[in-house]
Amino acid sequence: MKRALLLVALMTVGGAALAQEDGLGAAPREPTEEMLQHCPELRGAIGLKRDQLLALFFELDASSVDEKRVRSIFSLPRDKDLLEGFLDEKGRYRAQSGLRAVVAGLGSAGLAWAAGRFENGKPESRGRALDALVAVKAREAWKLLEARLEDKRPVPDWRAANEAPPGYKALRVCDHAVRLLGSRLMDVTTPPDTRVGSLLPIEDRDARILKVKDFLARDAAYRAHVAKAPSLLGELDPKDRELLEGLGVK
Amino acid sequence: MRSFKAVTTAMALLLFAGIAHPLDTFLGGEFVTTGTASKGGAYTGVLKVTPTGPTTFRVSEELRYASGNTVTYAGDATLSGDTLRVSGETSVGFLGKLAGKKGEGWTATFKVGTDGMLKSGSWALAKSGTTASETITTGKKNAATGDLLVLLDGSGQPVAKAKKKTDGVVLAVNLDDDDKDGGSGADGVTTITTDRDDENGVSNEDDLLAFRLAKPANAALGSRFLLSFSDKLAVWRTKTKAPGTRIKNGDTIEAKDETLWLEGRDASAGGTPETLSVQLLAPNGAATLQDEGKVFVARSAFLLLGHGHSSSSSLESWLGSHKADSRKNPVLVRGKDEKGKAQAWAVYLWSTEKQAKIALSTAGSVIAYDGHSNFGLGFAFETNFSRVSQFLNIADAQVPVNWPYLRDHQDHPNLIFEDAEYGDDASTPKFSDPVAVDRWIQGDNDQYHTRRWPAGGNGGGTRYPLVRGKDYKWDDHHYLVDSDATNARIVVKAGSRDMPAKRWSKLFLNSCYGGPYYYDSFGGRGTLFFTTDEASSPLTSAIFIESCIEGKSNDQTLKALNKAENINDYHVFGE
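Treat the numbers as computed from the prediction; the structure is a model and nothing was measured. (Residues numbered from 1 in each chain as written. Chains lettered and ligands numbered in written order. Predicted model: local features only at pLDDT ≥ 70, side-chain atom pairs only at ≥ 80, totals over all residues. Heavy atoms only, no water.)

## A short note on the pairing of strand S5 (residues 83-90) of chain B
Residue and element names in this part refer to chain B.
Point 1. With 8 bridges joining them, strand S4 (residues 70-80) and S5 adopt antiparallel strand pairing. Following the sheet pairing, Gly75 is matched in S5 by Gly88.
Point 2. Connecting S4 to the antiparallel partner S5 that follows it, the hairpin turn spans 2 residues, and Gly81 within it adopts a positive phi of roughly 65 degrees. (Pairing = 2+ DSSP bridges. Helix = DSSP H or I, 4+ residues; strand = E, 2+ residues; numbered from the N terminus.)

What follows is the structure, given as structure tokens:
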């Protein structure tokens, strides 16, 4: 028995060492220097915190959400501070892909959290909160983004303002929304140009958003897709339903 | 009994001497013919016979008449006994085919000798009634196939016989500098001598692929191997390319069991791998056995990781599940080219200025740069720069930068621009009064506004005088963004002295505002993909490289990029 256990232990260590040496495939469980550059929080992290950081930064795939995996290591409201920190931080939106996967994987809880952060969080985090909905298949995500095409509130971006070429004007909520809708619509239909950037004059952005709004109102493929999309409304708390209604999701 | 013993003894002697057995199977070859046609007269010809099965062949004959006329016949043939019967047609040429023309029916018969050589033949044309008889004067027959060549994959495992001529092996072009003697790639140095062109041997060389030659047990004493391969390959006796150990195409070497080394020199065209062939030559020079294998020399794909990059883990994960074998940096992958043809790819994850110069000057490469834009000043593969020249200078002549931001938030806390490096309009006597002019850059479907700062001025544009900082030199500026005193820009002289010869095929500038900042630096060549806004996605560099490897079109690639982060565009400049 002891020998068997020793053999298993040796194989486990050897396997991990091989995986680390290979450097390809699944993220090594011991963070490399490069991984630590992207996620300094990993240094010294152990247990659940480490699993969450590895998942957020290196493992979760928003294009193919592993709900079981997400729910095994994330839950709300337990992890709201961790996730909110990445919405608020200055600099690059480091956890963009991982947060999309977490929000989608947590179902109604993820939707409610992202909507709540959008409406009640810092203005600087509105764009990221909407971005976190990109992988949510539910009808409510579509409706929320579509409703936000009317929302001209600014989304201050300290990093962009300091890094941009001449002509920069901060994106607004509606700019984020049309861009994100564009990403989601790629597999559904062919909308007019949804690329709206911070160097595009405001009046030009408004003209594009108007075209997209008209398109969404008329396009049969889009309307059918949204009608068939699953709904999370029935799983939401009354206060979260109320929040979404306030954001135009009916 | 005595005659039987005599025959077997003779056969044994013939085998020992390496002379072809009198009952050898006809294997085709290339033969020179002379003949006379009933219409046209005397001619000489080149007759090519290529096996397509145990007793079937593809035959073509190009005839040159004394009058100077040439004509080509081609058809399919079957061997029955000692007679090769061909049925085909005359060639109408490419234009004729386009015009829907059909050739005239051609039938031919050739006699095959017991030595595997064609002896004589006759042919006839159906429509014109022309007939001819010909003799084969010289020729080279194909040798029997034997196990002379063992290809080894990148994990050192022999390639199965059935796959040697189909899947073969994949090999990277030897474009790195393992022994670090190809040049430093320092400021202004744009030419690096890669290991491919290193004629002094390469210590630590790790890009060659071993293969084995196997001498048949019954090969005659004095047999030799003849190696044939294209100029996209090189063969070496030593792994380190020691001088004097190269075996050239067409060289013969002593036939023995031996390990040699393949080097990739240039990428194979899509769908057209290289053929490494080996012939066993008898002491009299006759080819008795032949063998061959396919070698796909890979095109190169680079992920250049600059300071501020968004992680290579997405690409590493994809490579982990698509790699051909255990080789690393480059990882070898079987993919496609833009036309959907089979193409091997060598994928490099590199992160130095020298490596960036190699990548940009590699013919046909696809490259994603992932890192800070540094306001168009150039790429940084390290931090803590103190002067402009330490950046990879591949920029416009003058660019506006956020100096305090570079110092305080992009890890260059000691960065200093001297007055002489401040941007200027050289056409005026005033110090540091650069002029901004409008510029529109072209995407696939859209145009994007930006500004440029020509060094000589151009009589138009908006002039910006220098404003000196109160307390620190790095507060000197030419303008404030939205009148915000904490968000200033100073125009500095940049330039492109680090830009090597531009040879890439596709390039993705995956840095913030990559298009507005670098469109003119990298434009004019190949296909340029670029961001148009602040970039965050950790996936898009990988998506770009994977799309190239999978042979996706530009539009498909753009769609995949914008699904992840809807800020990208591209423009095709052509070669």
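Text resumes after the structure shown.
## Concerning the sheet that holds strand S2 (residues 41-51) of chain B
All names here are of chain B.
Point 1. On the basis of which strands lie adjacent, the closed barrel formed by 8 strands has the order S1-S2-S3-S4-S5-S6-S7-S8 and antiparallel pairing. When the angles between neighbouring strand axes are averaged without regard to direction, this sheet yields 25 degrees.
Point 2. Here strand S1 (residues 29-37) pairs with S2 via 9 bridges, running antiparallel. Within the sheet, the bridge partner assigned to Val32 lies in S2 and is Val46. (Axes fitted to C-alpha atoms, helices over the stretch in contact; angles between N-to-C directions.)

## Topic: the packing of helix H9 (residues 139-147) of chain A against helix H13 (residues 220-228) of chain A
All names here are of chain A.
Point 1. Between H9 and H13, whose axes approach to 8 Å, the crossing angle comes to 130 degrees. By the angle between their directions, the pair H9 and H13 is classed as oblique. Relative to H13, H9 is oriented so that their crossing is left-handed. Touching Arg139, Trp142, Lys143 and Glu146 of H9 are Tyr222, Arg223, His225, Val226 and Ala227, all from H13.
Point 2. Its residues placed into classes, the contact of H9 with H13 shows 4 nonpolar, 1 polar and 4 charged. (Parallel < 35°, antiparallel > 145°, perpendicular 65-115°, else oblique. Left-handed = near helix turned anticlockwise from the far one by under 90°. Contact = heavy atoms within 4.5 Å. Nonpolar A, V, L, I, M, F, W, Y, C, P; charged D, E, K, R; others polar.)

## Re the environment of B:Ser427
Residues and elements named next belong to chain B.
Point 1. Position of Ser427 among the secondary structure elements: in the loop between helix H6 (403-409) and strand S25 (435-442).
Point 2. The sequence separation of Ser427 and Asn562 amounts to 135 residues, and the corresponding C-alpha distance is 43 Å.
Point 3. Within the structure, Ser427 has its side chain in polar contact with the side chain of Asp425 (distance 2.7 Å). (Polar contact = N/O pair within 3.5 Å; in protein donor to acceptor, adjacent residues only side chain to side chain.)

## Details of the sheet that holds strand S22 (residues 342-350) of chain B
Residue and element names in this part refer to chain B.
Point 1. If you trace the 7 strands from one edge of the open sheet to the other, you get S21-S22-S20-S23-S30-S31-S32, paired in mixed fashion. A strand with exactly one partner marks an edge of an open sheet, and here the two such strands are strand S21 (331-336) and strand S32 (568-574). Between one strand axis and the next, the sheet turns through 20 degrees on average, direction left out of account.
Point 2. Here 5 bridges tie strand S23 (residues 366-370) to strand S30 (residues 506-510), and the two strands are oriented parallel to one another. Across the sheet, residue Val366 finds its bridge partner in S30, namely Lys506.
Point 3. The strands touched by helix H5 (residues 353-360) within the sheet are strand S20 (299-305), S22 and S23, with S20 carrying the most contacts at an inclination of about 145 degrees.

## Describing the packing of helix H3 (residues 47-59) of chain A against helix H5 (residues 80-88) of chain A
Residues and elements named next belong to chain A.
Point 1. Two elements in contact, H3 and H5, have axes separated by 12 Å at closest approach and are oriented at 40 degrees. Note on packing geometry: the crossing formed by H3 with H5 is right-handed. Of the residues in H5, those touching H3 at Lys49, Gln52, Leu53, Leu56 and Phe57 are Leu82, Leu83 and Phe86.
Point 2. In terms of residue class, the contact of H3 with H5 is made up of 6 nonpolar, 1 polar and 1 charged.

## A closer look at the pattern of salt bridges
Point 1. Here the structure, examined in full by the defined rule, presents 55 salt bridges over all chains.
Point 2. Salt-bridge contacts for A:Asp79 lead to A:Arg78; the nearest nitrogen and oxygen are separated by 2.9 Å.
Point 3. By relative accessible area, which is 7% here, A:Asp79 ends up buried.
Point 4. A salt bridge links B:Asp419 to B:Arg468; the shortest N-O distance between them is 2.8 Å. (Salt bridge = Lys/Arg side-chain N within 4 Å of Asp/Glu carboxyl O. Buried < 20%, exposed > 50% of the residue type's maximum accessible area, 1.4 Å probe, protein only.)

## Some thoughts on the nonpolar core
Point 1. With 90 residues, the main nonpolar core has B:Phe211, B:Leu227, B:Leu377, B:Phe417 and B:Phe522 as its most contacted residues.
Point 2. Listed in part, the 69 residues of the second largest apolar core include A:Leu54, A:Trp113, A:Cys174 and A:Leu180. (Core = buried A, V, L, I, M, F, W, Y, C linked by side-chain atoms within 4.5 Å.)

## Remarks on the interface of chain A and chain B
Point 1. Every contact between the two is made by 38 residues of chain A and, on the other side, 51 residues of chain B.
Point 2. Carbon and sulfur atoms make up 43% of the surface buried where chain A meets chain B, a total of about 3,900 Å² over both sides.
Point 3. Together, A:Arg92, A:Glu163 and A:Arg195 form the three largest contributors to the area buried by chain A at its contact with chain B, with a combined 19%.
Point 4. The tally of links from chain A across to chain B stands at 6 salt bridges.
Point 5. Ionic pairing is found between B:Asp482 and A:Lys169, a salt bridge with its closest N-O pair at 3.1 Å.
Point 6. Taken together, chain A and chain B are joined by 31 residue pairs in polar contact (both at pLDDT 80 or more).
Point 7. Of all the secondary-structure elements, those providing two or more residues to the side of chain A that touches chain B are helix H1 (2-22), helix H2 (33-38), H3, helix H6 (96-105), helix H10 (158-163) and helix H11 (173-185) of chain A.
Point 8. With 6 residues, the top contributor of residues to the side of chain A that touches chain B is H10(A).
Point 9. Taken together, the residues of the side of chain A that touches chain B sort by class into 14 nonpolar, 11 polar and 13 charged. (Buried area = accessible area lost by both parts, 1.4 Å probe.)

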